[in-house]
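Next come the chains, spelled out residue by residue.
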Amino acid sequence: MTQINKSLSILLILSSLTFFSCENEAKKKTSLVFNEYSITEKIHLFGNENYPAFDLDAHIKLPEDKITYQGLNQAMMRTYFDSLFLPQKTAQENLETLVQHNLSEYRAIEHELKLDSMDIGSSYNWQMIEKNQILNQNEYFVSFVNEIFSFTGGAHGNTIRNHFVYDLKNDKILKAENILKLEQCDSIIELQKKAAEKAGLVFDEIFIDGFRCNSNFYLIEEGIIFHYDQYEIASYADGPIDI
């Protein structure tokens, strides 16, 4: 992943944030540590080990203290499992639901194939890795990312990363308008472009409209970082880009 290690002076246009305050307004909470839950499955088409298979690995990190950090725990599960999220179920049960959903989609391929088909080749070897990662945390906020790598045939796999910032003081996921003055979006985008150019990235005209200021960002101690997946502002070969 290309990381352009710049704060871009975007901190200059940040709106006032309670978690950047020096005042003692943060909730006095127990130490925030995370436990990891995981599940791994592999199935072969038609249950035959000589046929292509689907390898699936899913991992999720969640607060160890689910009572004190109930809001964060729910937000992390909701964003990770998305429409498959079952609030009444445990993390492990949600992982099992996620895996079975994806395995069912793979098994559906069997209806399109015949056991003696010459078309059952390596292109039917699927892989999916889904995980989350804590990028930064302090007493005011937690930045985390949900990442999905998938290969379902073709020239290469694809990775999608969605970033979130959770406000520990107010127990909510922050939106861009909570952090930035969006009326200055054009200026924010120009700062991103300048930082990218300074880092030596050359952008094709077809990607010039891919820059944004209102989504897929995270916070570090030095400022705000915008994330772009492959093809958003550069080619697949350039990889994901953080500005």
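Here the structure is shown first, and the text comes after it.
Anyway, here's the lowdown on the structure attached to this text. Since we're looking at a predicted model, the values are computed, not measured.

About the thresholds
- Residues numbered from 1 in each chain as written.
- Predicted model: local features only at pLDDT ≥ 70, side-chain atom pairs only at ≥ 80, totals over all residues.
- Heavy atoms only, no water.
- Helix = DSSP H or I, 4+ residues; strand = E, 2+ residues; numbered from the N terminus.
- Buried < 20%, exposed > 50% of the residue type's maximum accessible area, 1.4 Å probe, protein only.
- Contact = heavy atoms within 4.5 Å.
- Areas by Shrake-Rupley, 256 points an atom, 1.4 Å probe, with all protein chains shown as cover.
- Expected span 1.5 Å × (residues − 1).
- Pairing = 2+ DSSP bridges.
- Axes fitted to C-alpha atoms, helices over the stretch in contact; angles between N-to-C directions.
- Disulfide = S-S within 2.5 Å.
- Polar contact = N/O pair within 3.5 Å; in protein donor to acceptor, adjacent residues only side chain to side chain.
- Parallel < 35°, antiparallel > 145°, perpendicular 65-115°, else oblique.
- Nonpolar A, V, L, I, M, F, W, Y, C, P; charged D, E, K, R; others polar.

### Notes on the overall build of the protein chain
Then, in step 1: Counting its secondary structure elements, the protein chain contains four helices and 10 strands.
Then, in step 2: When its helices and strands are written in sequence order, the protein chain yields β-β-β-α-α-β-β-β-β-α-α-β-β-β.
Then, in step 3: The 243 residues of the protein chain split such that 43% are buried.
Then, in step 4: A fraction of 59% describes how many contacts in the protein chain between residues 6 or more apart in sequence connect residues 24 or more apart.
Then, in step 5: Total accessible area on the protein chain is roughly 13,000 Å²; 47% of this is exposed by carbon and sulfur atoms.

### Here's the deal with the environment of Ile 129
Then, in step 1: Mapped onto the elements of the fold, Ile 129 is located in strand S4 (residues 126-137).
Then, in step 2: With 70 residues separating them in the primary sequence, Ile 129 and His 59 have C-alpha atoms 8.1 Å apart.
Then, in step 3: For Ile 129, the residues in contact, after removing those within four places along its chain, are Asp 57, Glu 147, Ile 148 and Phe 149.

### A closer look at helix H1 (residues 70-81)
Then, in step 1: Helix length check: H1 (12 residues) gives 16 Å between terminal C-alpha atoms against 16 Å at 1.5 Å per residue, within 8%.
Then, in step 2: Every buried residue of H1 is listed here: Leu 72, Asn 73, Ala 75, Met 76, Met 77, Thr 79, Tyr 80 and Phe 81.
Then, in step 3: Downstream of H1 by a residue or two, Asp 82 has a phi angle that is positive, lying close to 55°.

### What to know about unusual backbone geometry
Then, in step 1: Positioned with a positive phi, Phe 46 is a non-glycine residue whose angle comes to about 60°.
Then, in step 2: Within the secondary structure layout, Phe 46 lies in the loop between strand S2 (34-44) and strand S3 (53-63).

### Topic: the sheet that holds S3
The strands making up a sheet associate through backbone hydrogen bonding, with each pair oriented either parallel or antiparallel.
Then, in step 1: Pairing is mixed in the open sheet, where six strands are placed in the order S2-S3-S4-S5-S6-S7. Both edges of this open sheet fall to S2 and strand S7 (172-173), since each of them pairs with a single strand only.
Then, in step 2: Of the strand pairs in this sheet, S3 and S4 are connected by five bridges, and their pairing is parallel. Residue pairing for S4: Ala 58 is matched across the bridge by Glu 130.
Then, in step 3: Sheet contacts for H1: S2, S3, S4, strand S5 (141-151), strand S6 (158-167) and S7; angle to S3, the most-contacted strand, approximately 160°.

### Observations regarding the state of the cysteines
Then, in step 1: Inspection of the entire model under this criterion finds one disulfide.
Then, in step 2: Shown here is the disulfide that connects Cys 185 with Cys 213, its sulfur atoms set 2.1 Å apart. Across the S-S bond linking Cys 185 and Cys 213, the dihedral sits near -120°, which makes this disulfide left-handed. Of the two residues, Cys 185 sits in helix H4 (residues 185-198) while Cys 213 sits in the loop between H4 and strand S8 (217-220), which places them 28 residues apart along the sequence.
Then, in step 3: For Cys 185, a relative accessible area of 19% puts it in the buried group.

### Digging into the side chain of Arg 212
Then, in step 1: Looking at the secondary structure, you find Arg 212 in the loop between H4 and S8.
Then, in step 2: Among the polar contacts listed, one links the side chain of Arg 212 to the backbone oxygen of Ser 215, at a separation of 2.8 Å.
Then, in step 3: In this view, Arg 212 contacts Ile 189, Gln 192, Phe 226, His 227, Tyr 228 and Glu 232; residues no more than four positions away in its chain are not counted.

### Overview of the pairing of S8
Then, in step 1: A two-sided burial pattern is seen for S8, the buried positions comprising Phe 217 and Leu 219 on one face and Tyr 218 and Ile 220 on the other.
Then, in step 2: Relative to strand S9 (residues 223-228), S8 runs antiparallel, the two being bridged by four bridges. Of the residues in S9, the one forming a bridge with Tyr 218 is Ile 225.

### Description of the packing of H1 against helix H2 (residues 91-107)
Then, in step 1: The geometry of H1 relative to H2 is characterised by a closest axis approach of 11 Å and an angle of 5° between their N-to-C directions. In this view, H1 runs roughly parallel relative to H2, as classed from their interaxial angle. Here Met 77, Tyr 80 and Phe 81 of H1 come into contact with H2, specifically with Ala 91, Asn 94, Leu 95 and Leu 98.
Then, in step 2: Broken down by class, the residue content of the contact of H1 with H2 amounts to six nonpolar, one polar and no charged.

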